[in-house]
Amino acid sequence: MLKRVKGIDRSLMEMVNQAARDSLPNEFMAMLRAEEGVVSELLLVPGTLQGNDSVLVMLHMLPIDYTVVGTIHSHPGYSNRPSRQDLELFRRYGMIHIITCLPYDEHSWQAYDHQGLSIELPVVDL
Ligand SMILES: [Zn+2]
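Colleague: What is the right way to read the packing of aromatic side chains from this model?
Modeller: Aromatic ring pairs are described here by two measures, namely the spacing of the ring centres and the angle between the planes. Tallying each qualifying case throughout the model produces one aromatic pair. Both rings, one in phenylalanine 90 and one in tyrosine 112, keep their centres 6.0 Å apart while their planes meet at 25 degrees; by these two values the pair is stacked. One end of the pair, phenylalanine 90, is in helix 2 (residues 84-92); the other, tyrosine 112, is in strand 6 (residues 109-112), and 22 residues separate them in sequence. As far as burial versus exposure is concerned, phenylalanine 90 and tyrosine 112 are alike and both buried.

Below is the structure:
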């Protein structure tokens, strides 16, 4: 599945960073959908906006959807390193996971694989 994903849409990433700002002091979390190899759409998961690092709690609400390639969430601090809970989420659901952190700009996010290892995810203009 990872092989199919070759980039993320620039405007989608900007949208996520804006949503992350709006969600402060909480996290923003969504599922990533890819079309023709580019992550270009979010699938919002209800109930994940409150709480600090609460992404795992809502795992049971995640939809079964084969266009979903992974997850994206924000950290309300300056670290985009995955927490232990994040790593558990990464292992269980999807192949590509993005964490963005303050100040929520084009340099503040990082993509990870299902093992939590940093991966390159090029930004593309659709
Ligand atoms: Zn996290």
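Colleague: Can you help me understand the confidence of the model for the protein in this one?
Modeller: Detailed reading of predicted coordinates is not advised where the pLDDT is low. Here the protein averages 85 in pLDDT, and 82% of its residues register 70 or above. For the protein, helix 2 is the element with the lowest average pLDDT, namely 89, and strand 6 is the one with the highest, namely 98.

Colleague: Explain the environment of isoleucine 72 here, please?
Modeller: Residue position: isoleucine 72 is located in strand 4 (residues 68-74). Since its relative accessible area comes to 0%, isoleucine 72 is described here as buried. The sequence separation of isoleucine 72 and methionine 31 amounts to 41 residues, and the corresponding C-alpha distance is 6.0 Å. Look past the residues within four positions of isoleucine 72 in its chain and what remains in contact with it is Met13, Val16, Phe28, Met29, Ala30, Leu32, Leu42 and Ile98.

Colleague: Explain the pairing of strand 6 to me, please; I cannot follow it from the model alone.
Modeller: The two faces of a sheet get side chains in turn, since along a regular strand they alternate between them. Across four bridges, strand 5 (residues 96-100) lies against strand 6 in antiparallel orientation. Bridge pairing links histidine 97 to tyrosine 112 in strand 6. In this structure, strand 6 lies alongside strand 7 (residues 118-119), joined through two bridges in antiparallel fashion. Along strand 7, the bridge assignment pairs tyrosine 112 with serine 118. Adjacent in sequence and paired antiparallel, strand 6 and strand 7 are bridged by five residues, among which glycine 116 carries a positive phi angle near 85 degrees.

Colleague: Looking at this model, I keep getting lost on the sheet that holds strand 8 (residues 123-124). Mind explaining?
Modeller: The strands making up a sheet are joined through hydrogen bonds of the backbone, oriented either antiparallel or parallel. Spatially, the eight strands line up as an open sheet ordered 7-6-5-4-2-3-1-8, and their pairing is mixed. Since the sheet does not close on itself, it has two edges, and those belong to strand 7 and strand 8, each with one partner. Alignment of strand 1 (residues 7-9) against strand 3 (residues 38-44), held across two bridges, turns out to be parallel. Residue pairing in the sheet places glycine 7 in a bridge with valine 38 of strand 3. Against the sheet, helix 1 (residues 10-23) engages strand 1, strand 3, strand 4, strand 5, strand 6 and strand 8, with an angle of about 65 degrees to strand 1.

Colleague: What am I meant to see in the environment of histidine 75 here?
Modeller: Mapped onto the secondary structure, histidine 75 falls in the loop between strand 4 and helix 2. Taking the relative accessible area as the measure of exposure, histidine 75 reaches 9% and is therefore buried. For the pair histidine 75 and glutamate 27, spaced 48 residues apart in the sequence, the C-alpha separation amounts to 5.8 Å. Of note is the side chain of histidine 75, whose polar atom sits 2.8 Å from the backbone oxygen of serine 79. Looking at histidine 75, its side chain comes within polar contact range of the side chain of aspartate 86, at 3.1 Å.

Scoring rules and cut-offs
- Residues numbered from 1 in each chain as written.
- Predicted model: local features only at pLDDT ≥ 70, side-chain atom pairs only at ≥ 80, totals over all residues.
- Heavy atoms only, no water.
- Phe/Tyr/Trp six-rings, centres within 6.5 Å; stacked < 30°, edge-to-face > 60°.
- Helix = DSSP H or I, 4+ residues; strand = E, 2+ residues; numbered from the N terminus.
- Buried < 20%, exposed > 50% of the residue type's maximum accessible area, 1.4 Å probe, protein only.
- pLDDT = per-residue confidence, 0-100.
- Contact = heavy atoms within 4.5 Å.
- Pairing = 2+ DSSP bridges.
- Axes fitted to C-alpha atoms, helices over the stretch in contact; angles between N-to-C directions.
- Polar contact = N/O pair within 3.5 Å; in protein donor to acceptor, adjacent residues only side chain to side chain.

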